[in-house]
4 protein chains.
Amino acid sequence: MAQPKGTVVLAYSGGLDTSCILVWLKEQGYDVIAYLANIGQKEDFEAARKKALALGAKKVYIEDVSREFVEEFIWPAVQANALYEDRYLLGTALARPCIARKLVEIAQREGAQYVAHGATGKGNDQVRFELTCYALCPNIKVVAPWRLPEFYQRFPGRCELMDYAKKHGIPVPVTPQTPWSMDENLMHISYEAGILENPKVIHPGRPASMAATGPRAVSCICSLIGNFRGQSTSPNTPDVLEIEFEKGVPMKVTNAGDGATRSSALELFIYLNDIAGKHGVGRIDIVENRFVGMKSRGIYETPAGTILYHAHLDIEAFTMDREVRKIKQGLALKFSELVYNGFWHSPECEFLRQCIKRSQEAVVGTVRLSVFKGQVYILGRESPRSLYNEELVRLKEYHRLQSKVTVKQDE
Amino acid sequence: MAQPKGTVVLAYSGGLDTSCILVWLKEQGYDVIAYLANIGQKEDFEAARKKALALGAKKVYIEDVSREFVEEFIWPAVQANALYEDRYLLGTALARPCIARKLVEIAQREGAQYVAHGATGKGNDQVRFELTCYALCPNIKVVAPWRLPEFYQRFPGRCELMDYAKKHGIPVPVTPQTPWSMDENLMHISYEAGILENPKVIHPGRPASMAATGPRAVSCICSLIGNFRGQSTSPNTPDVLEIEFEKGVPMKVTNAGDGATRSSALELFIYLNDIAGKHGVGRIDIVENRFVGMKSRGIYETPAGTILYHAHLDIEAFTMDREVRKIKQGLALKFSELVYNGFWHSPECEFLRQCIKRSQEAVVGTVRLSVFKGQVYILGRESPRSLYNEELVRLKEYHRLQSKVTVKQDE
Amino acid sequence: MAQPKGTVVLAYSGGLDTSCILVWLKEQGYDVIAYLANIGQKEDFEAARKKALALGAKKVYIEDVSREFVEEFIWPAVQANALYEDRYLLGTALARPCIARKLVEIAQREGAQYVAHGATGKGNDQVRFELTCYALCPNIKVVAPWRLPEFYQRFPGRCELMDYAKKHGIPVPVTPQTPWSMDENLMHISYEAGILENPKVIHPGRPASMAATGPRAVSCICSLIGNFRGQSTSPNTPDVLEIEFEKGVPMKVTNAGDGATRSSALELFIYLNDIAGKHGVGRIDIVENRFVGMKSRGIYETPAGTILYHAHLDIEAFTMDREVRKIKQGLALKFSELVYNGFWHSPECEFLRQCIKRSQEAVVGTVRLSVFKGQVYILGRESPRSLYNEELVRLKEYHRLQSKVTVKQDE
Amino acid sequence: MAQPKGTVVLAYSGGLDTSCILVWLKEQGYDVIAYLANIGQKEDFEAARKKALALGAKKVYIEDVSREFVEEFIWPAVQANALYEDRYLLGTALARPCIARKLVEIAQREGAQYVAHGATGKGNDQVRFELTCYALCPNIKVVAPWRLPEFYQRFPGRCELMDYAKKHGIPVPVTPQTPWSMDENLMHISYEAGILENPKVIHPGRPASMAATGPRAVSCICSLIGNFRGQSTSPNTPDVLEIEFEKGVPMKVTNAGDGATRSSALELFIYLNDIAGKHGVGRIDIVENRFVGMKSRGIYETPAGTILYHAHLDIEAFTMDREVRKIKQGLALKFSELVYNGFWHSPECEFLRQCIKRSQEAVVGTVRLSVFKGQVYILGRESPRSLYNEELVRLKEYHRLQSKVTVKQDE
C-alpha cells in the first residue's frame, strides 16, 4: 500500500471508469470521498451510493443540484440567447461548473486538499472542471488520472479496465456498450465519440429498448434518421404553449390546449422537456471546435432549451431597444464562448452576466408558440413593455416608456 | 399640364400603386420610363408591359435579373451565413440593391436625371433603393412620391387611389385585397402590415385559391397555423440531399432518392426552393427593428435560403479554423446589418464581402442533409480540406494542410 | 409682425449669430427666452444677460453647469478611456448633452413648446443638440434657423448678418474675426473651419493679445507650431503629480513638488487644466469623420483630459482583469462613437455607461506621473486592489482577492 | 557523457544564459548548432561566433534579418496601427516570429529535429517562439531548458550559472549586471524585471557609460525621469519631417530642414530611429497583461515606431472611409492581441493581415509632422485619394472616387 496522501473528493458517476478510478485512488494512498451530482440524469442514485461504499469510499455525497442548475446556470444562458458557434445550446458546458462548484464545496467542508475527476485529456470537460476548481479554491489540487502516465499507461484500452474491475470486485456492465459515449442532464443529452467520430457516418439511432427519463424519457429515438421515425410517430397535432417572461426569465408556461400550467423554475423546465421531447424538438448533428484545439462531432438533444431559445429571442426582440440588442448580442457571443471553454467562474464571465442581466430589465411579456414535428413556431407575442409602436421612432419611444415607469414608481 | 421636367425611370411593379404613380409623374411633367425587374416573382410580365405602355410610359424595360440575384447577391449572403437579428435571412434586403442597380443602369443608358419608386416613408425599402442609387450614381435625383406632401396628401387612403385609377383608366384589381402586404422574389416571400401589425394576431393563412410559383409555388399555405396543415399534407418521407460547396458557394445538389442533380446557380437554387417548399421549410414569424427606428412584424418564407444556411454553416464549421471562424462571424454580423439597412453598395460592405470571400477559400466539401416536416437535419459531411482530425491540434493541422496545398500548387 | 407662435428657449452664446437669431425669432412671432450655459468658457455673463434683454428676450437664464459637466459627463468618459477614432477626447461632444439637458429643463419649466439653437446644418452639434432634446422631451419642437431656407437664404454670408445686426441695434464685434471658429469649455478648446479647412495648412497660432482663462488661460499659444514656441517658454522643470482614483474616478490630486492638493471634482479638474496647460499638454491636429458623413479637420487642446486619460489607463491596466479589460475596451469604443454622434441620452449609451461603471469597481489606487514639455509620463503606480503579483496566475488571483473583499465586508 | 540525441538548433544570444545552455545541451548529448539573429541590436557578432564555436557549437549561423523584420513584420503592424492594450507598440512581439522563422528554416536545412531557446517559463517569449516553431514545422521538438526541472533545479540563481560558466570556460561578464533585463531590436528597447518588478519604483535611468547604437544609440538615458534630463539636453528646435505613404506603407521620408531623404524600408526606419531618438520620442512605462496570465511591468522605447504610428493614423483617417475604418479598427485590435500572444503564424493572424492589407489600398499621401521634446505633432496632410471634401457626403464621395480610379485604369 502506498503512503497516505490525504483526502480526495472524486466526481463519481457510478460507471465503470470512475469506479476503477475510485479503487485506483485508494491504491495510491488517498482517502476517497465519492460525490455524485443529481443534475437530472437517469440514475439509480441509491445503487450508486452502495456501490461507492462497497468499493471503499470513506463517505458518499449525493447532491441534488437540479434546481440551482436551472436557476443559476440555465436561466442566465436563456437570457443571453447563448449559442456556441451558431448552433450548440451548451447543455454539457452549463452543467460542469454547477457540478464542480459543489465538488469544491464538499472538499472545503471535508478539509480535502484534492479533487479528482474522470474526464479525459482530449476533451472540454477536464478544462471546465479544473477551471472551476482553481477559480473557486486556488489552493485545491486536481487529480486527473486520465492525464497521469501511471494511470493511462496501465489502462490503454477498455479491456484493461474490465480486467481491473473484475480483479477488484467492481461490477462490470452486462449490456453491450453503445458504440458512442453519452452525457445526460436536465438540459440535454449528447452523443459523441466511437463510430460518430467519422463525421459522415449517420447516427444509427438509439436502441428502443433503452429506458429513458428526463430529455431521454421524451425522445425514445434520438438519431437524426430517427427524427423521421420519431416524427412519424410523434403527435399529429401541435401543442400550443404560452410562456411568460419577467426580466428575461421564464416565469410560467401554460398549455393552451389543456390549460396545464407550471410556474416553479424546475417544474416549468421539466414540463417543457416533456412537451418538446414528445414532438422531437431540439436535435442537431454538428462539428464544433473544442477548447483544446481540435474539431469534434457531437449530436445533441436539447428539448426545453430549444423552445426557450426561440421564445426568449422573440420576446427580447419585441421589448429591447435595437441598439442595446446589438451590444448585448456581442456580449452574449463572448459569453457563450467562455461558457463553452469552461470559464463560467472567471471575472470576465461574471462581468458579462452582470451586463446581460442588466439588459433584461424590460424583457417582460408572453410568447405564444406551437411545438410540432420537431419545430418551434412563434405565433405571436405581447408585452406591457413593448417598444413596438407604429407611430413613434426609437429614441422618443424609449424615453416615453422610461417616464411612464418613473411615474409608476412615484405613485 | 405641368412644365416638362425631363425623364424619370420608375421602378414599376404593375400593381395599383406604381400604376397611379406612373400617371401622376406624367401629370407632373415627367417623361416616364417603366422598369420592371424579373427577380423570380410570379408575374405576367407581358401584361405588365402592355399596361405600362397603355398608361403612357414612353418605354418599358423588363429585365430578368434572377441569375445575377443568385450569383452576386445570394451567394455572398450564403458565404456569410447572413442573418439579421439572429433570425431573418434578408430575402427582401438582398433583392433591393440588385433591382436598384439595374434601375440606375437604365437611367444612365437613357440619360435620365431622375429615378422614382413606390416605397413608403416608413419602411426599409426606400432607404435600400435610394442608398443604392446615390452610391452608384451620385448625381441622380430620386423621386419618392409617398414622401411628397403633394402626393400623399392627395392619396390619404386606398379609396382615393382607386378613384384616381378609375378616372385615369388604370385597371383596378377585382379580387379583394389580402389583409396584409406581400413581397416576393426568388429568395423569399414576406407578409407584413395590415392585420399582421398587431403582433399577437396569428397569421390566418393564405387563400388556397391564390396561384403560386417560385417560393410561392411550393408552399400553398404560408401561415404558421398553416404550417401544421401544410405539414400534415406535406410528404411523409424525407428528401435526402447532398450539397457540394466550393469556396463556400454551392456548386451542385444531388437528391439521394432519385439521383436528380442541379449544377448551375439558378437551377440549383430553384430546385432547392422546390424541395424545401414541398416540406414547408423556412417559415418564421418575427418582430424586427427597421432602419428608420421602429419595430416591425414580418412573416417570412425562405425555402432554399434556409437549407443553404444550415448546409453552409456545417461545411464551414468543418473546414474553417476555429479562430478564423470567430473573426469571420463578427464580420458577417456587421455584413447582415449593413445589408438589412440598404448599404450593400457602400465601401464598408464591399470591404466586408472581400474579407468574407477570402475566408471561404478552404470551404469545400459535401453536406448530406434531410428535409422533412419543416426541418433541415444535417446527417453528415466530408471534405478534402477538413480540419477534423482527432490526433492533431489546431495550429499544427493548419500548417500541415497549407503545405499540402503548396505542394499541390507546385506540382 | 408675424402671428404669435408661442415661446422658444434659445441656446444663446452672446455672439453675433445667436444675437441675430434672437431678433429674427422675435420677428417670426416667438416669445424668446435666452439661455446661456456656463460650462467653463471665458465669457462676461452679465454683459451677455444685458445684451439679450436689450435685444428683446423675455427672460434670460444663465446656468452654471460646470460641476455637473465634470461629474456626470467627464467622469464617465474618463472611466471609459473614451477616445474617438483613436485620438479625439470628445471635449465638445461631452458638453453638448449637458448644455441641452438644461435647455430642455428650462423649456419644461417655462412651458415652452420650442427650443432653438445656432448650430449649422453641416456639423455634429445640431445632431447632438437635437437628439438630446427629442430623447428627453419627445414632444419638443426644435427650431434650427441655419437649416431653414427663410433664414439661410436671407443670410448667405457674414455681411448680411452684419447689416442685419446694425439695422436692429445688435452690437457688432469690433475686433477682426479669427480666420477659424473656436469652441471652448472646461474640457477643451477646439479650432476648426476657415483657413483650417485646408488640411495641409499649418495652424498659424493664436494672437497673443487674446485674453484667456480656462484651458485657454493656460495655453497662450495654441498652434502646433506654437507648441514649440510654447514649449520653449514652458517651464524647464516637470511637475510631478499623484492622482488617486476610486471606482475609476479621480478623487484627489497632489503636487509632489509643493504639496498642493485638490479633492472636489471641479477644483481637481481645474487644477489639472492649470498644470497641464502650463506645460502645453494635450494639443492635437486631426482629421475626423463627422456624423453627417464628411471628414473634418479639427485642432484640439484638452489639458486636464489628457492627463486623466493616461492616468486612468494606467491604474485600470493595473487593477482590472485582462479579459474584463478586453470586453470593456470594446464597450468603450462603442461608447465613444455614440458620444461623438450625439447619442448620450440614448438607451444604448445608458446601457454602456452602466456596464462600464460596473467594470470600474476595483479601479482604485494612485498613479504618479510627470508633466513636462507637452508630455505626460507615467512614473509608477500602486493599489490595494492590484492584480499585479508575480507568483499567481489570473483566475486564482482574482478569486483570492474576491474572497478578501468578502471577508472585509463581513467584518 | 549522455547518449547522442541528435542535432538541436539553439537560438543563441551570446550572453551568459544561452552560453551555459549551449554547453549544457552538449552535456545532454546534443549536437548544437548556434543561431544568432541580427535584428538591429547592438552586438559584436563576430565575437559571438567565435565564442559559440569555442564552447563547442558544431556550426554557427549569424543571419541578418533586419530587412525582412521591417518589411514583413513592422510594416504590417504600421498598417494595422497595432497597439496592445492601448499603449504597447509590440516591439519584442514582432521580432520573435521573425527570429523563430529563421530558426525553423535552419533546423530544416540542417535536418535537425530539435530547436532550443533560453526564454523562461513565465514570460511571453517562450510562447511566441514555440507557437512559431510548431506552426511552421509541426514535427519539430522544442527544448526549453528553463522549463526542464533538470535544468532549472540545477541553476536556481545567477550564482550557480556563474559557477557553471567558470567551470566550463564560458566567459563571464565583468561589468556589474544592470538591475533589470533588457531586450533590444530595430523596433525598440525594453526594460523589465529586477527592481522594476515593483510597479511603483521609478526607473532610475541607464548609466551614461553604456555604449549605444540603434534605438539605444539615440537615447542615452532611457528612464522616464531621464526623459526630462534627456529633453533638457535634447535639441531646442524641432525636426520637421514629411512621410509619404503608399498602401499604408511608408515609402519615403524627407527632412524639411536639411532636405535629407530616405526611401528603402530599412534606411527609412533607421533614419526615423535617429531623429526620434534624438528628441526622446516613444518612451513609456506600463503594466501589461502577459499571455500566461500575470501582469507585468515594462518600460519601452520605440522611437521610429512611435512616429510611424502617429503618421499612419493620420493619413489613414484622411483617406479611409469612416465605416471601413471602424471595421478595420476592430480587426487591428484582434491582430495586436494575437501578435502580442505569439500567434503571428496562425491562420487567424494571416487572415487578419490579408483583410487589413486590403483596407490599405487607398491609404496614400504625405503627412507633415514635427518631432520635438519627446512629442510627435501632426502639422498637416495631403493625398490624391483624400476623402476630405466639404461638399459631398460619404457614399457619394466614395463612388465618385471609385469611378475616377476606374477611368484612370481605362486610360
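Bear in mind the structure is a predicted one, so any value in this text is a computation, not a measurement.

Glancing now at the relation of the copies chain D and chain C. Laying chain D over chain C is done by rotating through 180 degrees and shifting 0.0 Å along the axis; what remains is an RMSD of 0.1 Å. Those values place the two copies in the arrangement expected of a two-fold rotation axis. Comparing interface residues between copies, 98% of those in chain D also sit at the interface in chain C, which points to an isologous, same-surface contact.

Right, let's get into the confidence of the model for chain A. A low pLDDT score tells you not to read the predicted coordinates there in detail. Residue and element names in this part refer to chain A. When pLDDT is averaged along chain A, the result is 87, and 87% of the positions lie at 70 or above. Taken as a whole, residues 206–214 scores under 50 in pLDDT and shows 17 contacts with residues more than four places along the chain or in a different chain. Here residues 216–229 is a poorly scored stretch, pLDDT under 50, and it has 50 contacts once near neighbours within four places are set aside; other chains count. Prediction confidence for the complex, expressed as pTM and ipTM, is 0.92 and 0.89 respectively.

Before going further, it helps to spend a moment on the packing of aromatic side chains. Residues and elements named next belong to chain A. All told, the structure shown has 44 aromatic pairs over all chains when counted by the stated rule. Both rings, one in Tyr 84 and one in Tyr 340, keep their centres 3.7 Å apart while their planes meet at 5 degrees; by these two values the pair is stacked. Here the residue Tyr 84 occupies a position in the loop between helix 3 (66–80) and helix 4 (91–110), and Tyr 340 occupies one in helix 12 (residues 322–340), the gap between them amounting to 256 residues. Comparing Tyr 84 with Tyr 340, the two get one shared label, buried.

Residue and element names in this part refer to chain D. In spatial order, the strands read 6-7-12-11; together these 4 strands make up an open sheet with antiparallel pairing. Either end of the sheet is taken by a strand with one partner, and the two such strands are strand 6 (181–184) and strand 11 (283–289). Each adjacent strand pair in this sheet contributes to an overall mean axis angle of 25 degrees, direction not counted. Pairing geometry for strand 11 and strand 12 (residues 295–301), over 7 bridges, is antiparallel. Bridge pairing in strand 12 links Arg 283 to Glu 301.

The interface is formed by 63 residues belonging to chain D together with 63 residues belonging to chain C. If you look at where chain D meets chain C, you find 10 salt bridges. Where Arg381(C) meets Asp285(D), a salt bridge forms, and the shortest distance between an N and an O atom there is 3.0 Å. Counting every contact that joins chain D to chain C gives 26 residue pairs in polar contact (both at pLDDT 80 or more). Within the residue set of the side of chain D that touches chain C, elements represented by two or more residues are helix 9 (224–233), strand 11, strand 12, helix 11 (303–319), helix 12 (322–340), strand 13 (365–372) and strand 14 (375–382) of chain D. Sort the elements by how many residues they give to the side of chain D that touches chain C and strand 14 of chain D lands first, with 7 residues. Taken together, the residues of the side of chain D that touches chain C break down into 28 nonpolar, 12 polar and 23 charged.

Cut-offs used in this document
- Residues numbered from 1 in each chain as written.
- Chains lettered and ligands numbered in written order.
- Predicted model: local features only at pLDDT ≥ 70, side-chain atom pairs only at ≥ 80, totals over all residues.
- Heavy atoms only, no water.
- Least-squares fit on C-alpha atoms with pLDDT ≥ 70 in both.
- Contact = heavy atoms within 4.5 Å.
- pLDDT = per-residue confidence, 0-100.
- Phe/Tyr/Trp six-rings, centres within 6.5 Å; stacked < 30°, edge-to-face > 60°.
- Helix = DSSP H or I, 4+ residues; strand = E, 2+ residues; numbered from the N terminus.
- Buried < 20%, exposed > 50% of the residue type's maximum accessible area, 1.4 Å probe, protein only.
- Pairing = 2+ DSSP bridges.
- Axes fitted to C-alpha atoms, helices over the stretch in contact; angles between N-to-C directions.
- Salt bridge = Lys/Arg side-chain N within 4 Å of Asp/Glu carboxyl O.
- Polar contact = N/O pair within 3.5 Å; in protein donor to acceptor, adjacent residues only side chain to side chain.
- Nonpolar A, V, L, I, M, F, W, Y, C, P; charged D, E, K, R; others polar.

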